[in-house]
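Coordinates in review
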Amino acid sequence: MKKILILPDLALATHWMNRPVTREELIGKPLLIHFWSVSCHKCKQALPVIQAIRDRYAGTLNTVAIHLPLSESDRDINEVARICAMYGISEPLLIDNTRQIAGAFDNRYVPAYYLFDSWGNLAEYHLGERGALRIQGAADRLLTSF
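Conventions and cut-offs
- Residues numbered from 1 in each chain as written.
- Predicted model: local features only at pLDDT ≥ 70, side-chain atom pairs only at ≥ 80, totals over all residues.
- Heavy atoms only, no water.
- Phe/Tyr/Trp six-rings, centres within 6.5 Å; stacked < 30°, edge-to-face > 60°.
- Helix = DSSP H or I, 4+ residues; strand = E, 2+ residues; numbered from the N terminus.
- Buried < 20%, exposed > 50% of the residue type's maximum accessible area, 1.4 Å probe, protein only.
- Lys, Arg positive; Asp, Glu negative; His and termini not counted.
- Salt bridge = Lys/Arg side-chain N within 4 Å of Asp/Glu carboxyl O.
- Polar contact = N/O pair within 3.5 Å; in protein donor to acceptor, adjacent residues only side chain to side chain.
- Contact = heavy atoms within 4.5 Å.

This brings us to the packing of aromatic side chains. Within this structure, the stated rule accounts for 5 aromatic pairs. Joined through ring pairs, the aromatic side chains of Phe35, Phe105, Tyr114, Phe116 and Tyr125 make up one cluster.

Okay, here's the thing in structure tokens:
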């Protein structure tokens with residue numbers, strides 16, 4: 001199933017870590033957005049794949065992480081910061097404690113991966129534990145065609 005989606009406004013984040021970015025700033029390069037949560041074991045297992053994509057295409061691909069809480073304890077900003085440092089999440093990180101960004105994406109899941117083209121149109125998305133590997137293949141296809 002393919003969603004019809006244009007990159008939503010990211011200003012709905014409740015908090016930012018690393019550095020803030022705007023939708024306008026991200027348009028012009030392909031973009032990978034990954035939803036994750038501190039309490040999601042599968043999300044943490046997939047982070048090395050996402051970081052490899054981020055590092056392989058540095059300068060060519062924008063990457064943004066969105067933390068989507070699964071429980072009330074996941075809303076702890078200090079815990080999100082600690083896990084970010086532990087797992088080397090250096091890309092801009094939006095914290096979606098009100099779930100408004102997830103709503104704009106029509107997303108209720110973690111891990112979830114959204115790959116947008118340079119114009120902000122959804123190229124492909126994948127969910128679940130194998131989603132990181134699938135989005136890696138999609139990123140390779142999209143970025144080697146540049």
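On to the side chain of aspartate 96, then. Examined against the element boundaries, aspartate 96 turns out to sit in the loop between β4 (93-95) and α4 (100-105). Among buried charged residues, aspartate 96 stands out as having no salt bridge; its nearest opposite-charge side chain is arginine 99, 6.8 Å away. Engagement of the side chain of aspartate 96 in a polar contact is seen with the backbone nitrogen of alanine 102, the distance being 2.8 Å. Excluding residues that lie within four positions of it along the chain, aspartate 96 makes contacts with Thr14, Ile66, His67, Leu68, Pro69, Ile101 and Ala102.

So, about the pattern of salt bridges. If you walk through the whole model with that rule in mind, you get 8 salt bridges. We note a salt bridge from lysine 42 to glutamate 129, for which the minimum N-O separation is 3.4 Å. In this pair, lysine 42 is assigned in helix α2 (residues 41-56) and glutamate 129 in the loop between β6 (122-127) and α5 (131-144), connecting sequence segments 87 residues apart. Lysine 42 gets classed as partly exposed once you look at its relative accessible area, which sits at 40%. A salt bridge links glutamate 72 to arginine 75, with the shortest nitrogen-to-oxygen separation between them at 3.3 Å. In this structure glutamate 72 comes out as exposed when scored by relative accessible area, which is 62%. Taking the relative accessible area as the measure of exposure, arginine 75 reaches 29% and is therefore partly exposed.

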